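Commentary on secondary and tertiary structure
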Amino acid sequence: MNRTLHVDLGERSYPIHIGAGALNGLDAQNRRCLIVTNDTIAPLYLPRVLEALPDAAVCELPDGESFKTLDTAGRILDQLADGGFHRDSLIIALGGGVIGDIAGFAASVYHRGIDFIQIPTTLLAMVDSSVGGKTGVNHQAGKNLIGAFHQPVQVIADLDLLATLPPREYAAGLAEVVKYAALGDLQLLDWLESRVAELRSRDTDVLTEVVYRCCLAKAKIVAADEREQGQRALLNLGHTFGHAIETASGYGTLLHGEAVAIGMVMAADLSCRLGWASAEEVARLRSLLSALSLPTSPPPIPPDEFIALMQRDKKVLNNRLRLVLLRPLGHAVISADVPLDTLRESLDAAA
Ligand SMILES: NC(=O)c1ccc[n+]([C@@H]2O[C@H](COP(=O)([O-])OP(=O)(O)OC[C@H]3O[C@@H](n4cnc5c(N)ncnc54)[C@H](O)[C@@H]3O)[C@@H](O)[C@H]2O)c1
């Protein structure tokens, strides 16, 4: 059964349509459209979108995080400007988080901001990146360094599109799903544990429910803290550890969601050492992630190097490591004063 929910942001509110076949509801209301996609997704799903929008122009980008750059955003902007697209034109982002972030960024700056629709094609994009309005591109000095907050006018999460997603990409999206449960929804955690088989087989009814519940959680957090002044940072559970792991192992070795899965277990272990979560809770999180084909232990990284990499993460404020931890499982907190000795103990145990 299809479901719709609303992200409540006053004038910038928008619906998220979720379900198998949700794409059939795509309607650009006769506005001029530019569909932004990549050369992997275009052969699979562009014909379906063009069926609904036969007059739309298409900007097909090369696939990959390495193309999430200002140059690539410039290509989209050139096409909009050269094609005489106006202030009331519409960008349709058809792809995973990379396409959503670049296309959203182009939409945020063209004519000082035009509307865009997100049609996420990865599970990660459905439960995370397409909702919340963070757009941007990478710079050699940092990931997502250049960007803007710009909310879409609509998100269409059609679960049929996940059928072609490679298994590792799919599992990486499940890591973000588990993240929502671990940070704020124990009932969701129970439910995920009881649906492992359906999750592994990509059952569309179960996925509709999963995407709905994750988007609901994200929508609530974004509505309360659109510009990440406070509680939106809870969404970074596992990310400071994860970024350090991604950097140490070389970008591209582990997918982001895989690094986040390992990072969540490390955050849980540290929470346990602080007396905030139990060993059973750490084991529970680890076993759910393993059941979903996700890694749960870091590659060997010397603890000193690990800490240095964590300190480079942008979540460092006034030289203190700010970490999202569990107090207990199902309730994330931001902690700014974790004793370094306890962190080191935890890293030693993981190494
Ligand atoms: N804006 C945000 O709030 C936010 C949040 C989290 C992550 N992100 C960003 O999202 C990006 C990662 O997104 P992602 O994990 O979706 O990766 P991605 O966009 O690179 O997609 C992963 C791979 O799967 C392919 N693919 C996508 N959909 C497919 C489908 N249905 N069938 C077959 N192949 C398909 C893509 O072409 C790509 O090769 C990163 O750049 C990250 O910074 C943004």
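Residues numbered from 1 in each chain as written. Predicted model: local features only at pLDDT ≥ 70, side-chain atom pairs only at ≥ 80, totals over all residues.

1. Looking at the site of the ligand
Around the ligand there are 28 residues in total, and Gly96, Gly97, Thr121, Thr122 and Ser129 lie nearest to it. When residues of the shell around the ligand are traced back to their parent elements, those giving at least two are helix 1 (41–52), helix 3 (97–109) and helix 4 (123–129). (Near = placed C-beta within 6 Å. Helix = DSSP H or I, 4+ residues; strand = E, 2+ residues; numbered from the N terminus.)

2. Focus on the domain arrangement of the protein
According to the domain assignment, the protein contains domain 1 (3–163) and domain 2 (167–350). Taking only C-alpha atoms, the centre of domain 1 and the centre of domain 2 are 26 Å apart. With 23 residues of domain 1 at the contact, the number on the domain 2 side is 23 residues. (Domains from an automatic or database assignment. Contact = placed C-beta atoms within 7 Å.)

3. Some thoughts on the packing of helix 5 (residues 167–184) against helix 10 (residues 256–273)
Running from N to C, helix 5 and helix 10 point in directions that differ by 35°, and their axes come no closer than 7 Å. Crossing geometry of helix 5 relative to helix 10 is assigned as left-handed. Seen from helix 5, the contacting residues are Ala172, Gly173, Ala175, Glu176, Lys179 and Ala182; seen from helix 10, they are His256, Gly257, Glu258, Val260, Ala261 and Met264. Grouping the constituent residues of the contact of helix 5 with helix 10 by class yields six nonpolar, three polar and three charged. (Axes fitted to C-alpha atoms, helices over the stretch in contact; angles between N-to-C directions. Left-handed = near helix turned anticlockwise from the far one by under 90°. Nonpolar A, V, L, I, M, F, W, Y, C, P; charged D, E, K, R; others polar.)

4. Let's talk about the sheet that holds strand 6 (residues 115–120)
Taking strand neighbours across the sheet as the criterion, the seven strands line up as 1-2-9-6-5-3-4 in an open arrangement whose pairing is mixed. The sheet is open, and its two edges are formed by strand 1 (3–7) and strand 4 (57–61), each paired on a single side. Direction aside, the axes of adjacent strands within the sheet are offset by 15° on average. Relative to strand 9 (residues 154–158), strand 2 (residues 14–19) runs parallel, the two being bridged by four bridges. For His17, the partnering residue across the bridge sits in strand 9 and is Ile156. Helix 1 rests against strand 3 (33–38), strand 4, strand 5 (90–95) and strand 6 of the sheet, and its axis sits at about 155° to strand 3. (Pairing = 2+ DSSP bridges.)

5. A short note on the environment of Val49
Summarising the element assignment, Val49 is placed in helix 1. Taking C-alpha positions, Val49 is 15 Å from Leu159, a pair spaced 110 residues apart along the chain.

6. Topic: the nonpolar core
Core analysis: the biggest nonpolar cluster contains 107 residues, and Val36, Ile91, Ile92 and Ala267 have the highest contact counts within it. A domain-level breakdown of this core finds at least three residues from each of domain 1 (3–163) and domain 2 (167–350). Beyond its immediate chain neighbours, meaning those up to four positions away, Ile91 contacts Leu34, Val36, Ala103, Ala106, Ala107, Ile114 and Phe116. (Core = buried A, V, L, I, M, F, W, Y, C linked by C-beta atoms within 7 Å. Buried ≥ 20, exposed ≤ 12 C-beta atoms within 10 Å, placed from the backbone.)

7. Some points on the environment of Phe306
Its place among the elements puts Phe306 in helix 12 (residues 303–312). For Phe306, the contacting residues outside a window of four places in its chain are Ala244, Ile301 and Leu347.

8. Looking at the pairing of strand 5
Residues in a regular strand project their side chains so that they alternate between the two faces of the sheet. Most of strand 5 is tucked away, with six of its six residues classed as buried. Side-chain alternation along strand 5 places Leu90, Ile92 and Leu94 on one buried face and Ile91, Ala93 and Gly95 on a second face that is also buried. Of the strand pairs in this sheet, strand 5 and strand 6 are connected by six bridges, and their pairing is parallel. What sits directly across from Ala93, in strand 6, is Gln118. Regarding the hand of the β-α-β motif, the stretch spanning strand 5, helix 3 and strand 6 is right-handed. (Right-handed = clockwise from strand over helix to strand, strands pointing away.)

9. Side note on the pairing of strand 7 (residues 134–139)
Of all six residues making up strand 7, five are buried, and the element is well covered by its neighbours. Pairing of strand 7 with strand 8 (residues 142–149), which is carried by five bridges, proceeds in the antiparallel orientation. Bridge pairing in strand 8 places His139 opposite Gly142. The antiparallel hairpin formed by strand 7 and strand 8 contains two residues in its connecting segment.

10. As for the packing of helix 2 (residues 70–82) against helix 3
Direction vectors running N to C along helix 2 and helix 3 enclose 55°, while the axes themselves pass 9 Å from each other. Compared by their axis directions, helix 2 and helix 3 come out oblique. When the axes of helix 2 and helix 3 are compared, the crossing they make is right-handed. Where helix 2 abuts helix 3, its residues Thr72, Ala73, Ile76 and Leu77 lie against Ile102, Ala103, Phe105 and Ala106. Here the residues of the contact of helix 2 with helix 3 sort into seven nonpolar, one polar and no charged. (Parallel < 35°, antiparallel > 145°, perpendicular 65-115°, else oblique.)

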